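Topology and contacts: notes
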Amino acid sequence: MVDPTNTDIESAASGYAALPEAPYTEENGRRRLPLRGFGIVLCGVAMVVLMGAAGVFVGRNGSVDSMGLPRGVREGVSEKSFRLFSGYRGEYPWSNSMLTWQRTSYHFQPEKNWMNGMPFGFNFILLYLVCKRKKDPNGPLFYKGWYHLFYQYNPEGAVWGNIVWGHAISRDLIHWLHLPLAMIADQWYDLNGVWTGSATILPDGQLVMLYTGSTNESMQVQNLAYPADPSDPLLISWVKYPRNPVLFPPPGVAAKDFRDPTTAWSAKEEKWRVTIGSKINETGISLVYETRDFKNYELLDGVLHAVPGTGMWECIDFYPISTTETNGLDTSFTGPEVKHVLKASLDDDKNDYYALGVYDQENNTWVPDNPELDVGIGLRYDYGKFYASKTFYDQNKKRRVLWGWVTETDSEAADVKKGWASIQGIPRTIVFDKKTGSNILQWPVQEVESLRLTSKSFQNLKVAPGSVIPLHVGSATQLDINAEFEIEKEAFDRISGSDELYRCNTSGGAAQRGGLGPFGLLVFADEKLTEQTPVYFYIVKGTDGHLKTFFCSDESRSSKASDVGKQIHGSIVPVLQDEKLSMRLLLDHSVIESFAQGGRTCITSRVYPTKAIYGGARLFLFNNATDATVTATLKIWQMDSAFIHPFPSEQIM
């Protein structure tokens with residue numbers, strides 16, 4: 001088991017067995033940094049951390065490094081610190097009780113540090129050194145009876161930096177056991193970080209892992225790793241290929257614009273292909289490489305796809321999806337009733353965009369079904385705080401499963417004080433929406449329902465315009481909510497059409513009233529509604545009589561604290577004729593995951609209430625429309641906590 005008080009990466013418990021250093025050669029093109037130099041770097045990092053705890057580099061709002069840049073930017077990745085959009089009026093006096101409440105109970109995150117919530121002074125510095133942060137999901141897979149999640153992890157602090165790979169395993173994607181670190185930054189080619197990677201399981205059962213390393217000179221290169229013992233279902237120990245890197249940035253691509261290899265898919269002549277994100281000027285691109293052995297690669301002509309004006313593409317994902325079946329498909333599957341999803345995380349706006357299209361393996365191209373909904377300008381996985389996502393094919397249950405990193409939107413100072421930052425969203429299944437034919441459906445994996453405890457149902461509640469109705473469900477901190485809404489048909493006839501151009505993020509939120517909305521739920525609300533987070537529908541009737549439905553989450557009144565983000569998230573959601581409006585919400589302390597119309601539109605929100613916590617959290621039904629009565633039917637479950645603990649150390653060989 002990893003000692004949480006040990007801040008020395010070299011001596012920390014790790015399942016990774018480093019290979020001997022190879023001598024310098026013209027082939028590797030870069031001098032490998034000796035271990036003595038690595039130790040010096042670690043000492044420097046420790047000093048920076050100490051100064052940061054003293055207020056030198058830890059920005060109260062800006063969250064910048066020593067050069068005045070947001071965290072991650074100087075290193076060549078997307079910004080990893082949150083900037084407040086709703087105004088900053090000083091640091092809120094968070095109590096230990098408030099911060100403790102924010103920790104989720106059934107979302108995956110690293111184990112809680114025992115020094116969490118220490119006061120300032122020397123103990124505060126110690127806390128900063130041992131608290132934790134994780135980031136992108138890496139190399140998820142199902143292997144010999146276990147689900148594996150690797151994730152970018154900082155063993156030295158609650159801010160981004162010092163990135164290594166954490167590792168956890170599960171039987172059901174809900175209950176998790178933490179294992180020792182899988183890979184640490186101990187070679188010249190990943191000395192500045194073991195970054196995003198993907199796993200590929202070959203037909204003979206071999207497992208290979210490609211990952212991006214940031215070299216001692218901050219160049220992004222691709223590296224190969226594999227299990228030291230393929231028979232070990234826990235995959236405790238990993239070996240890095242002795243001739244890493246296997247890929248350098250190609251000509252024309254900047255040293256810091258070449259990252260995040262995908263899971264490989266099979267091509268002709270027993271070859272495999274992977275795609276890697278990059279950009280040329282402001283055009284986001286996906287490069288494709290071909291390999292037989294994952295050690296030697298050929299860059300194919302052209303690109304898989306490119307979209308001008310979208311900037312750097314990172315954390316690319318590329319996979320097939322059946323247009324006729326509900327089961328997932330192996331990444332290498334092709335056929336006539338298959339579309340391919342291309343997804344990119346945009347460095348410029350920190351959102352995950354996807355598009356459906358057709359893959360031409362012969363010409364190494366992918367073409368979107370609808371150019372107006374191309375990658376980076378159209379559909380998103382999630383319209384809230386959900387980034388750097390990664391799917392994998394679960395051969396155990398024949399499904400495509402999506403992981404996503406859910407960031408914090410509070411201040412760095414609060415993260416340091418509570419001792420952790422960031423969570424993973426509940427894994428989601430992905431299927432093609434056969435009804436619309438133009439999008440995917442995302443839904444929480446079925447296993448999360450095993451956490452359901454007691455439930456309460458509400459049938460056909462009439463909610464008049466301007467009404468708020470309390471829903472007495474007991475504790476309102478950990479809930480799974482299914483809700484359906486119907487608007488009286490006469491209201492559609494009474495409302496005149498308009499040319500209103502509505503957008504969730506530029507609207508007045510749930511306080512902006514229209515004839516047909518907003519209406520929905522007030523979650524994490526206190527008794528007097530001084531704090532509340534509305535999740536709601538808003539319908540606009542156009543001059544042509546057509547209806548457009550929007551699904552939104554309004555954080556603007558979610559907290560009395562001044563140092564947290566309070567944005568309004570959401571987008572349009574397709575609603576077909578005769579469909580009821582439906583939403584599902586997963587509430588887990590400081591996170592709300594919302595799914596509309598079976599998962600056509602999804603929103604993840606982070607909220608940090610100061611009053612609507614513990615027994616003070618309430619749930620309300622509301623209708624702020626001016627001219628429509630809404631009928632609501634709900635079923636609400638209390639949710640148990642997941643078992644997320646260290647793997648018994650005596651069982652780790």
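Please refer to the structure higher up on the page.
Scope of this entry: the structure provided in the associated data block. (Residues numbered from 1 in each chain as written. Predicted model: local features only at pLDDT ≥ 70, side-chain atom pairs only at ≥ 80, totals over all residues. Heavy atoms only, no water.)

Some remarks on the overall build of the protein
For the protein, the count of helices and strands is five helices and 37 strands. By the burial criterion, 61% of the 653 residues in the protein qualify as buried. For the protein, contacts bridging at least 24 residues in sequence account for 66% of all contacts bridging at least 6. On the protein, roughly 24,600 Å² of surface is accessible, and the fraction owed to carbon and sulfur atoms is 53%. (Helix = DSSP H or I, 4+ residues; strand = E, 2+ residues; numbered from the N terminus. Buried < 20%, exposed > 50% of the residue type's maximum accessible area, 1.4 Å probe, protein only. Contact = heavy atoms within 4.5 Å. Areas by Shrake-Rupley, 256 points an atom, 1.4 Å probe, with all protein chains shown as cover.)

Focus: the nonpolar core
Among the nonpolar cores identified, the biggest contains 48 residues, and F485 and L521 are the most heavily contacted of them. Look past the residues within four positions of F485 in its chain and what remains in contact with it is F519, G520, F537, K580, L581, M583, L621, V630, T631 and A632. (Core = buried A, V, L, I, M, F, W, Y, C linked by side-chain atoms within 4.5 Å.)

Digging into unusual backbone geometry
In the segment running from N244 into P245, the intervening peptide bond is cis, with an omega of 0°. With respect to the helices and strands, P245 occurs in the loop between β8 (238-240) and β9 (265-266). Residues G517 and P518 are joined by a peptide bond in cis, for which omega reads 10°. Relative to the helices and strands, P518 resides in strand β28 (residues 516-525). Backbone geometry places K350, a non-glycine residue, at a positive phi of 60°. Residue placement: K350 occurs in the loop between β15 (338-346) and β16 (351-360). We note that N364 has phi near 55°; this positive angle belongs to a residue other than glycine. The residue N364 is located in the loop between β16 and β17 (365-368) in this model.

Examining the sheet that holds strand β6 (residues 207-214)
On the basis of which strands lie adjacent, the open sheet formed by four strands has the order β5-β6-β7-β8 and antiparallel pairing. What marks the edges here is a single partner per strand, and that holds for β5 (194-201) and β8. In this sheet, neighbouring strand axes are inclined to one another by 30° on average, regardless of whether the strands run parallel or antiparallel. Examined bridge by bridge, strand β7 (residues 220-227) and β8 share three bridges and lie antiparallel to one another. Each bridged residue has a counterpart across the sheet, and for P227 the counterpart in β8 is W238. (Pairing = 2+ DSSP bridges. Axes fitted to C-alpha atoms, helices over the stretch in contact; angles between N-to-C directions.)

Re the sheet that holds strand β36 (residues 630-639)
With respect to topology, six strands assemble into an open sheet ordered β25-β36-β27-β32-β33-β34, the strand pairing being antiparallel. Among the strands making up the open sheet, the edge pair consists of β25 (452-463) and β34 (601-606). Adjacent strand axes in the sheet meet at a mean angle of 15° when their direction is disregarded. Bridge count between strand β27 (residues 478-487) and strand β32 (residues 581-588): eight bridges; the pairing is antiparallel. Residue pairing in the sheet places D480 in a bridge with L586 of β32.

Brief notes about the pattern of salt bridges
Taken as a whole and assessed by the stated rule, the structure comprises 33 salt bridges. As a salt-bridge pair, R273 and E290 come within 2.9 Å of each other at their nearest N and O atoms. Taken together, the residues R273 in strand β10 (residues 272-280) and E290 in strand β11 (residues 283-291) connect sequence positions 17 residues apart. Looking at E290, the relative accessible area reads 10%, which means it is buried. Several salt bridges converge on common partners, so that one network encompasses E269, K271, R273, E290 and R292. (Salt bridge = Lys/Arg side-chain N within 4 Å of Asp/Glu carboxyl O.)

Here we look at the side chain of K566
Residue position: K566 is located in the loop between β30 (547-554) and β31 (568-572). No salt bridge forms around the buried K566; measuring N to O, its nearest opposite-charge neighbour E531 is 7.3 Å away. Only 2.8 Å separates the side chain of K566 from the backbone oxygen of S559, close enough to count as a polar contact. Here A561 takes part through its backbone oxygen, which lies 2.8 Å from a polar atom of the side chain of K566. (Lys, Arg positive; Asp, Glu negative; His and termini not counted. Polar contact = N/O pair within 3.5 Å; in protein donor to acceptor, adjacent residues only side chain to side chain.)

Observations concerning the state of the cysteines
The tally for this structure, following the rule as stated, stands at one disulfide. With its sulfur 2.1 Å from that of its partner, C504 forms a disulfide with C552. The disulfide joining C504 to C552 has a torsion of about -60° about its S-S bond and is therefore left-handed. Here C504 is found in the loop between α5 (489-494) and β28, whereas its partner C552 is found in strand β30, with 48 residues between them in sequence. Both residues of the pair, C504 and C552, belong to the buried class. (Disulfide = S-S within 2.5 Å.)

A look at the pairing of β11
The element β11 is extensively covered by neighbouring structure, given that eight of its nine residues are classed as buried. By the bridge criterion, nine bridges tie β10 to β11 in an arrangement that is antiparallel. Its bridge partner lying in β11, I280 is registered against T283. What sits between β10 and β11 in their antiparallel hairpin is a turn of two residues, with N281 showing a positive phi close to 55°. Sheet topology places β11 next to strand β12 (residues 297-299); three bridges connect them, and they run antiparallel. What sits directly across from T291, in β12, is Y297. Linkage of β11 to β12, two consecutive antiparallel strands, is achieved through a turn of five residues, within which F294 is found at a positive phi near 65°.

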